[in-house]
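Structural features, examined
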Amino acid sequence: MTWFAWGEELSVGIPEFDAEHRMLVGLVDELHAAWSRGVETVALVSILDRLVEQSKLHFAHEEAYLATRGFPGFEEHGAEHARLLDTLFGFQRHCHTSPGRVFDAPQLDFLRNWVWDHIRELDRQYAHTPLTQGRAAVAVEPA
Ligand SMILES: [Fe+2]
Ligand SMILES: [Fe+2]
């Protein structure tokens, strides 16, 4: 059974960003599934590294989109991204330097809740905010 899955309730109405959110949700779920199976640390770290990289790409993409379209909550939104990245970098440092099992259930719950809350409460704000330019021209770099 899937522990964390993207659903329409998380849609921001922009297919490129929905696809990126699906990827982030999928990586958090993959991390949890691997952790639940007790896989070795190196495999967990590799999933976490992908989550960090995809988060950086997605946040940069989203911030560029919001900045160029005059989204009023742009600075607050970017600060929230920075806070999550700091937490992810902390997990990453811990994983790269600590032997043995490197996650616990509260850390995984934190990741799932943060991603859910951020998309649901903050990202969806831009889906409902009139912006200065249309939404059609979102350039997506290959991941
Ligand atoms: Fe965001
Ligand atoms: Fe997002």
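These numbers were taken from a predicted model, which means no experiment stands behind them.

Our focus in this paragraph is the overall build of the protein. The helix and strand tally for the protein stands at four helices and zero strands. Listed N to C, the secondary structure of the protein is α-α-α-α in terms of helices and strands. Considering only intrachain contacts with a sequence separation of at least 6, the fraction spanning at least 24 residues in the protein is 73%.

To continue, consider the nonpolar core. One finds L24, V25, L27, V28, L31, L51 and V115 to be the most contacted residues of the largest nonpolar core, which totals 14 residues. When contributions to this core are tallied by element, the ones reaching two or more residues are helix 1 (15–37), helix 2 (41–68) and helix 4 (105–127). In terms of nonpolar packing, the next biggest core, distinct from the first, is built from six residues, V12, F17, Y65 and F71 among them.

Okay, the environment of A105 next. With respect to the helices, strands and loops of the structure, A105 is situated in helix 4. Remark: the alpha-carbon pair of A105 and W35, spanning 70 residues in sequence, is separated by 9.1 Å.

This next bit is on the confidence of the model for the protein. With 89% of its residues at a pLDDT of 70 or more, the protein shows a mean pLDDT of 88. Per-residue pLDDT stays below 50 along residues 134–140; that stretch engages in six contacts with residues further than four places along the chain or on separate chains.

Attention now moves to the environment of G78. Along the chain, G78 turns up in helix 3 (residues 74–97). Taking C-alpha positions, G78 is 6.5 Å from E63, a pair spaced 15 residues apart along the chain.

Attention now goes to the packing of helix 1 against helix 4. Relative orientation of the contacting elements helix 1 and helix 4 amounts to 165 degrees, with a least axis distance of 10 Å. Between helix 1 and helix 4, the interaxial angle falls into the category roughly antiparallel. Helix 4 is crossed by helix 1, and the crossing has left-handed handedness. Together, H21, L24, V25, V28, L31, H32 and W35 of helix 1 and L108, L111, R112, V115 and I119 of helix 4 make up the contact between the two elements. By residue class, the composition of the contact of helix 1 with helix 4 is nine nonpolar, two polar and one charged.

Think of an α-helix as turning once every 3.6 residues; residues three or four places apart then point the same way. Between its first and last C-alpha, helix 4 extends 32 Å over 23 residues, near the 33 Å set by a 1.5 Å rise per residue. At I119, helix 4 shows its largest bend, some 35 degrees. Every buried residue of helix 4 is accounted for by L111, V115, H118, I119, D123 and Y126.

Attention shifts here to the environment of I14. If you trace the backbone, I14 turns up in the segment before helix 1. A count of 18 C-beta atoms within 10 Å places I14 in the partly exposed class. With 113 residues separating them in the primary sequence, I14 and A127 have C-alpha atoms 7.8 Å apart.

All right, on to the packing of helix 3 against helix 4 then. Interhelical geometry of helix 3 versus helix 4 gives an angle of 165 degrees and a closest axis separation of 12 Å. Here helix 3 is positioned roughly antiparallel relative to helix 4, judged by the angle of their axes. Once helix 3 is placed against helix 4, the crossing between them reads as left-handed. Contact residues: H77, E80, L84 and F91 in helix 3; Q107, W114, H118 and L122 in helix 4.

Criteria and thresholds
Residues numbered from 1 in each chain as written. Chains lettered and ligands numbered in written order. Predicted model: local features only at pLDDT ≥ 70, side-chain atom pairs only at ≥ 80, totals over all residues. Helix = DSSP H or I, 4+ residues; strand = E, 2+ residues; numbered from the N terminus. Contact = placed C-beta atoms within 7 Å. Core = buried A, V, L, I, M, F, W, Y, C linked by C-beta atoms within 7 Å. Buried ≥ 20, exposed ≤ 12 C-beta atoms within 10 Å, placed from the backbone. pLDDT = per-residue confidence, 0-100. Axes fitted to C-alpha atoms, helices over the stretch in contact; angles between N-to-C directions. Parallel < 35°, antiparallel > 145°, perpendicular 65-115°, else oblique. Left-handed = near helix turned anticlockwise from the far one by under 90°. Nonpolar A, V, L, I, M, F, W, Y, C, P; charged D, E, K, R; others polar. Expected span 1.5 Å × (residues − 1). Bend = angle between axes of the 7 residues up to and from the residue.

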